[in-house]
Amino acid sequence: MTQHVKVVPAVKCSNKPFRREKRINIVKTEKCGWGATALETIEKDDFVIEFVGEVIDNAMCEDRLQDMRQRRDQNFYMCKVSKDFVIDATFRGNACRFFNHSCEPNCRLEKWQVKGKTRLGVFASQTIKVGMPLTYNYRFSPSFGPEKECFCGVPNCRGKL
Ligand SMILES: [Zn+2]
């Protein structure tokens, strides 16, 4: 059975965008723990970094979420790509783990098909200047994961994420 992944434009079938990641800095933020900032100017729609982690299925994901709730762990690094395809960056993630959530993020996650494999990339949704915090909306899929307070600070913050 082939799984249909909704990535329509043909240009999205190449490994080109995953070739060079942007230079980013890991910084300690005031309210959101660790965060990532840009070390170079990033143009709108540029590839920033691959969302790397362990691929787990729904059951494993539920187990881990349950564990997190029990430990009252607020650090949430999972991204649900599709059913039984969750990427957990908790243990084997790259710097994408340090991107914070924002209700008005400057990056977005995109699914790409690269040589028959689904990969997740973080792309800039606007021009990002050097030193700006890199953020994306953790709610890639709605109502996924534990709810927690949002400190993103944008005027339209929903207060929770
Ligand atoms: Zn917010």
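These figures come from a predicted structure and were not determined experimentally.

Undergrad: Would you mind showing me how to read the overall build of the protein chain here?
TA: Counting its secondary structure elements, the protein chain contains two helices and 10 strands. In the protein chain, the succession of helices and strands from N to C terminus is β-β-β-β-α-β-β-α-β-β-β-β. Per-residue burial for the protein chain yields a buried fraction of 25% across its 161 residues. Contacts spanning at least 24 positions in sequence make up 72% of the contacts within the protein chain whose residues lie at least 6 apart.

Undergrad: Whenever I open this one, unusual backbone geometry confuses me. Can you help?
TA: Leave glycine aside and you will find that most residues have negative phi; peptide bonds, for their part, are mostly trans. The phi dihedral of D45 falls on the positive side, at around 75 degrees, and the residue is not glycine. Tracing the backbone shows D45 in the loop between β2 (34-38) and β3 (47-50). In this structure D45 comes out as partly exposed when scored by C-beta crowding, with 13 C-beta atoms within 10 Å.

Undergrad: Before we go on, may I ask you to explain the pairing of strand β9 (residues 117-124) in this structure?
TA: Regular strands place their side chains on alternate faces of the sheet. Bridge analysis of β3 against β9 gives three bridges, and the strand direction is antiparallel. Within β9, the position partnered with E50 by the bridge is G121. Here eight bridges tie strand β8 (residues 107-114) to β9, and the two strands are oriented antiparallel to one another. Note on β9: the bridge partner recorded for R108 is F123. Two successive antiparallel strands, β8 and β9, enclose a turn made up of two residues, where K115 displays a positive phi of approximately 45 degrees.

Undergrad: Just to check I follow, could you spell out helix α1 (residues 58-71) for this structure?
TA: Because each turn of an α-helix spans 3.6 residues, side chains separated by three or four positions in sequence point in the same direction. With 14 residues, α1 should reach 20 Å at 1.5 Å per residue; the first-to-last C-alpha distance of 20 Å fits that figure. In terms of residue burial, α1 counts as a barely covered element, since only one of its 14 residues are buried. Just past α1, the residue R72 takes up positive phi, approximately 55 degrees.

Undergrad: Help me understand the confidence of the model for the protein chain, please; the structure alone is not making it clear to me.
TA: Reading predicted coordinates in detail is not appropriate for stretches of low pLDDT. Summarising the model, the protein chain shows a mean pLDDT of 83, and 84% of its residues fall at 70 or more. Of all secondary-structure elements in the protein chain, the lowest mean pLDDT belongs to strand β5 (residues 78-82), at 82, while β3 reaches the highest, 95. Considering only residues more than four positions removed or in separate chains, one finds that residues 1-11, a stretch of pLDDT under 50, has eight contacts.

Undergrad: Would you take a moment to explain the environment of T118 for this structure?
TA: Counting through the fold element by element, T118 comes out in strand β9. In sequence terms T118 and V81 are 37 residues apart; their C-alpha atoms lie 8.8 Å from each other.

Undergrad: Quick question: what am I supposed to make of the nonpolar core here?
TA: Side chains of a nonpolar character, in soluble globular proteins, are inclined to be buried together. In terms of nonpolar packing, the biggest core is built from 26 residues, with F99, V122 and L134 touching the most fellow members. Sorting the residues of this core by element identifies β2, β3, β5, β6 (85-88) and β9 as the ones contributing at least two each. When residues in this core are grouped by element, the largest group, three residues, is from β9. Taken domain by domain, this core gets at least three of its residues from each of domain 1 (1-52 + 98-139) and domain 2 (53-93). Those residues within four positions of V122 in sequence are excluded, and the remaining contacts are V48, I49, F51, C96, F99, C107, L109 and Y136.

Undergrad: Got a minute to help me understand the sheet that holds β5 in this structure?
TA: By way of backbone hydrogen bonds, the strands of a sheet pair with one another, either parallel or antiparallel. With respect to topology, three strands assemble into an open sheet ordered β4-β6-β5, the strand pairing being antiparallel. With one partner strand each, in any of the chains shown, β4 (54-56) and β5 form the two edges of the open sheet. Adjacent strand axes in the sheet meet at a mean angle of 30 degrees when their direction is disregarded. In the sheet, β5 pairs with β6 via four bridges, with the strands oriented antiparallel.

Reading guide: rules and limits
- Counting restarts for each chain, with residues numbered from 1 along the sequence as it is written.
- For a predicted model such as this one, the threshold for reporting local features is a pLDDT of at least 70, and the threshold for listing and counting side-chain atom pairs is 80 or more; totals across whole chains, interfaces and linings nevertheless cover every residue.
- Only DSSP runs of H or I with at least four residues qualify as helices, and only runs of E with at least two residues qualify as strands; both kinds are numbered from the N terminus onward.
- The exposure label follows from counting other C-beta atoms within 10 Å of a residue's C-beta, where the C-beta atoms are placed from the backbone and the thresholds are 20 or more for buried and 12 or fewer for exposed, leaving partly exposed in between.
- In this description, any two residues whose backbone-derived C-beta atoms lie within 7 Å of each other are considered to be in contact.
- For two strands to be treated as a pair, DSSP must find at least two bridges joining them.
- Any helix carries an expected span of 1.5 Å times its number of residues minus one.
- Residue-level confidence of the predictor, termed pLDDT, takes values from 0 up to 100.
- We call a set of buried Ala, Val, Leu, Ile, Met, Phe, Trp, Tyr and Cys residues a nonpolar core when their C-beta atoms link them within 7 Å.
- Domain start and end points were adopted from an automatic or database domain assignment.
- Whenever a helix is involved, its axis is fitted only over the stretch in contact; in every case the axis is a line through C-alpha atoms, and angles between N-to-C directions fall within 0 to 180 degrees.

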